[in-house]
Amino acid sequence: GELYRWDPQEMLERGIGEIAAPIDEGQGERLGPMPAGEIDMRRRDGSTFPAKVTATPFLAEGTVAGLVSISYDLTETRAAQRRIETSNRILQMLSHCNEAMLRATSECELLQRICDVIWEGEGFTRVQVVYTQRGETQPFVVKAHAGVRSEEPAPGVAWPVESAARSGQPVFAASEVALPLME
């Protein structure tokens, strides 16, 4: 009952269709053994979760007397799978960056290859390597880039790369939105 957020006594008083209802009502219309499958289920409170469900009716004197059902919440499993996929993509990207280090014949070539690897592998809109220049009129200079090269922001705002340079911390932006200039 805990998985579907019903009290045990309430479960005994209701039909299985009310307790463990699949989001797609057509998913529960079988009679006979149901092979284990992954379906989205709805809880008592209306929230949903991915579940691995297997159900088998049992017969008494030739008629269906009940149902044996096992449900397993796959939420944590799916989250772990996404973390593994992300880790594998990062490892692949690092491997390609290592290859770039071995093959590059100059700093500029290395930086460009690394930008290309990150942009191609992760599908970012833009990847840049930006150096700071102390005491110069233009404090930041793009050494390498891949992807879209946007127009410069208006005075008083900075792209994420400028915010990272000023703060000394990585900055990841979900879009090409300019950030307030940090002093």
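Throughout what follows, the structure given in this document is the object of discussion.

Conventions and cut-offs
Residues numbered from 1 in each chain as written. Predicted model: local features only at pLDDT ≥ 70, side-chain atom pairs only at ≥ 80, totals over all residues. Heavy atoms only, no water. Pairing = 2+ DSSP bridges. Helix = DSSP H or I, 4+ residues; strand = E, 2+ residues; numbered from the N terminus. Expected span 1.5 Å × (residues − 1). Buried < 20%, exposed > 50% of the residue type's maximum accessible area, 1.4 Å probe, protein only. Contact = heavy atoms within 4.5 Å. Core = buried A, V, L, I, M, F, W, Y, C linked by side-chain atoms within 4.5 Å. Salt bridge = Lys/Arg side-chain N within 4 Å of Asp/Glu carboxyl O. Arc of directions from axis to C-beta. Patch = residues over 30% accessible without salt bridge, like charges linked within 9 Å, V, L, I, M, F, W, Y side chains within 5 Å. Areas by Shrake-Rupley, 256 points an atom, 1.4 Å probe, with all protein chains shown as cover. Axes fitted to C-alpha atoms, helices over the stretch in contact; angles between N-to-C directions. Parallel < 35°, antiparallel > 145°, perpendicular 65-115°, else oblique. Left-handed = near helix turned anticlockwise from the far one by under 90°. Nonpolar A, V, L, I, M, F, W, Y, C, P; charged D, E, K, R; others polar.

With that out of the way, let us pick up the pairing of strand β4 (residues 63-73). For strand β3 (residues 48-60) and β4, the ladder comprises ten bridges, and the chain directions are antiparallel. Paired with Thr-56 across the two strands is Val-68, which belongs to β4. If you look at the hairpin formed by β3 and β4, you'll find two residues sitting between the two strands, and Glu-61 has a positive phi there, around 55°.

Look at helix α3 (residues 75-103): 43 Å from first C-alpha to last across 29 residues, which is about the 42 Å you get at 1.5 Å a residue. When α3 is considered as a whole, its buried residues turn out to be Ala-79, Met-93, Cys-97 and Ala-100. Buried residues along α3 sit in contact with α4 (107-122).

A few words now on the nonpolar core. Residues Leu-111, Cys-115, Val-127, Val-129, Ala-144 and Ala-146 constitute the largest nonpolar core, which totals six residues. Elements that contribute at least two residues to this core include exactly α4, β5 (126-132) and β6 (140-147). If we skip the residues at most four places from it in the chain, Ala-146 touches Gln-112, Cys-115, Asp-116, Trp-119, Thr-125, Arg-126 and Val-127. Judged by nonpolar contacts, the second largest core, of five residues, contains Ile-39, Met-41, Phe-49 and Val-53.

Now for the pattern of salt bridges. Inspection of every chain in the model, using the stated rule, returns two salt bridges. A salt bridge links Glu-38 to Arg-78, with the shortest nitrogen-to-oxygen separation between them at 3.0 Å. In this pair, Glu-38 is assigned in strand β2 (residues 34-42) and Arg-78 in helix α3, connecting sequence segments 40 residues apart. With relative accessibility at 27%, the residue Arg-78 sits in the partly exposed group.

On to α4, then. Taking 1.5 Å of rise per residue, 16 residues should cover 22 Å, and α4 covers 23 Å from first to last C-alpha, within 8% of that figure. Regarding α4, the residues found buried are Leu-111, Cys-115 and Val-117. Buried residues in α4, looked at end-on, bunch into an arc of 160°, giving them a common side. In this structure, the buried side of α4 is in contact with α3, β5 and β6.

Take a nonpolar patch on the surface next. Together, Ile-90, Leu-91 and Leu-94 make up an exposed nonpolar region whose accessible area comes to about 280 Å². Judged by relative accessible area, Leu-91 falls into the exposed class, the value being 55%.

Attention shifts here to unusual backbone geometry. Most peptide bonds take the trans configuration, and most residues that are not glycine carry a negative phi. If you check the backbone angles, Glu-61 has positive phi at about 55° while not being a glycine. Topologically, Glu-61 is positioned in the loop between β3 and β4.

In contact at an axis separation of 9 Å, α3 and α4 are set at 160° when each is read in the N-to-C sense. Between α3 and α4, the angle is such that the two are roughly antiparallel. When you trace α3 past α4, the crossing you get is right-handed. Every residue of α4 that contacts α3 at Arg-89, Met-93, His-96, Cys-97, Ala-100, Met-101 and Arg-103 is listed here: Glu-109, Leu-110, Arg-113, Ile-114, Val-117, Ile-118 and Glu-122. Tallied by class, the residues present in the contact of α3 with α4 amount to eight nonpolar, one polar and five charged.

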